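A look at the structure
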Amino acid sequence: MGPAVLSGLPLALALALALPSAALENGLALTPPMGWLAWERFRCNVDCRADPRNCISETLFYEMADRLAEDGWRELGYKYINIDDCWSAKKRDAAGRLVPDPERFPRGIKALADYVHARGLKLGIYGDLGTLTCGGYPGTTLDRVKQDAQTFAEWGVDMLKLDGCYSSGEEQAEGYPEMARALNATGHPIVYSCSWPAYQGGLPPKVNYTILAEVCNLWRNYDDIQDSWDSVLSILDWFFANQDVLQPAAGPGHWNDPDMLVIGNFGLSYEQSRSQMALWTVMAAPLLMSTDLRTISPSAKEILQNRLMIQINQDPLGIQGRRIVKEKSLIEVFLRPLSQGASALVFFSRRADIPYVYTTSLAKLHFPEDAVYEVQDVYSGEITRGLKTGDNFSVTVNPSGVVMWYLYPVAQPWRIVRQRAPHEGFRPVLL
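First things first, this report covers the structure right here in the doc. Note that this is a predicted model, so its numbers are computed, not measured. (Residues numbered from 1 in each chain as written. Predicted model: local features only at pLDDT ≥ 70, side-chain atom pairs only at ≥ 80, totals over all residues. Heavy atoms only, no water.)

Following the criterion strictly, the structure yields 4 disulfides and no others. The residue that forms a disulfide with C48 is C55, at a sulfur-sulfur distance of 2.1 Å. In this structure the cystine formed by C48 and C55 twists about its S-S bond by roughly 105 degrees; its chirality is therefore right-handed. Residue classification places C48 among the partly exposed positions, given a relative accessible area of 24%. The disulfide partner of C134 is C165, and the gap between their sulfur atoms is 2.0 Å. (Disulfide = S-S within 2.5 Å. Buried < 20%, exposed > 50% of the residue type's maximum accessible area, 1.4 Å probe, protein only.)

Structure follows, in structure tokens:
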């Protein structure tokens, strides 16, 4: 969340390669984490006298926990309440421990974690592997990694997001794996979210995704999201331009994180909100909302609580989807293979004029020959039965909108459904 990063990248890579295996092996985040994160909507607002309802204080997190527990979110899988930057006091205590701001978190983080856990939820917290956090609060320098990991465990924290402001490439290469080891050593299960690749440009050779998957449960690769359609598009552009590198890195326990869902705020239209939800789902992205759940509109809530969408996002195979078609008409098609031979397709329009009728067939999208599918529209719920691979079909896609399908093969009794191995190409297979 902050300034661009310091150099030393070749050395950072060398240090990372020289480190012994830091395999996380914590058995966590086997599907993309789901929950709520404060940053995009509430930022570093610490003026609780002028804005008590929206400042970063324990009240905000208690109230959001109540909303997750009481408004149907928890049962759908939205279980994490995640604190971001600006929660701590400006100085550590006499023992060198991080402490929350005493005025804004008078009961402390342990009491908040206990409350969250009693509601059937989990608590996330924020740290930074540097001298300061991006917001200017105490960071976790290398000599503090073990101490801070132990503090978080003692408080009962369930997820740590570790940012990288005010740290060098060399410090990141040492510190991110060290924090993974320190978290494991506490014996308390803590999902580990790293900003490491975002500070190294997100791509090889400066980022080694094999190492990253051994160190972190999820990671930020790219820029912070803002409450705007331009921001959402810039993230999509980067992720799919680099999908050959990013897509194979994701899977159960280790996820690419394109950043928060901004649905329910001010910058996205209804169609754009539906698009972000569908495209994040096809990317197997964490679903971390950053909106005011106390005042969220019914339409935004309906998008975020779409049960079939969440089922697709949480598919146990954990395969990240890819863009498979990019038309001159500004229609793009994305495919995500799912368990039991199912698939998700997203038809996305970058047009800004009128709804576009897009005609294609499953054969043109490289589905297997002679297969028959049942199709459910993820948003409308409409079901189409008996769609054959060779059949032409049309979908009407609104400007900056999507049509999303869930496809399930209706296989002959003697046929076996399986997913194609990575070396065989990226497509559904019906044998």
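Attention now goes to the sheet that holds strand β7 (residues 255–257). Taken in spatial order, the 8 strands of this open sheet run β7-β6-β5-β4-β3-β2-β1-β8, and their pairing is parallel. Pairing within the sheet leaves two strands with one partner each, and these edge strands are β7 and β8 (287–289). Averaged over all adjacent pairs, the angle separating strand axes in this sheet is 25 degrees, with direction ignored. In terms of strand pairing, strand β1 (residues 34–37) meets strand β2 (residues 80–82) through 3 bridges, oriented parallel. Bridge assignment links G35 to a residue of β2, and that residue is Y80. Packed onto the sheet, helix α3 (residues 58–70) meets β1, β2 and β8 and runs at close to 160 degrees relative to β2. (Pairing = 2+ DSSP bridges. Helix = DSSP H or I, 4+ residues; strand = E, 2+ residues; numbered from the N terminus. Axes fitted to C-alpha atoms, helices over the stretch in contact; angles between N-to-C directions. Contact = heavy atoms within 4.5 Å.)

Among the nonpolar cores identified, the biggest contains 105 residues, and W36, F61, Y78, W87, Y192, M277 and W280 are the most heavily contacted of them. Per-element accounting of this core gives the leading share, 8 residues, to helix α9 (residues 229–241). F347, Y358, L365 and V395 belong to the second-largest nonpolar core, a separate cluster that totals 20 residues. (Core = buried A, V, L, I, M, F, W, Y, C linked by side-chain atoms within 4.5 Å.)

Nothing here speaks to function; it is all geometry.
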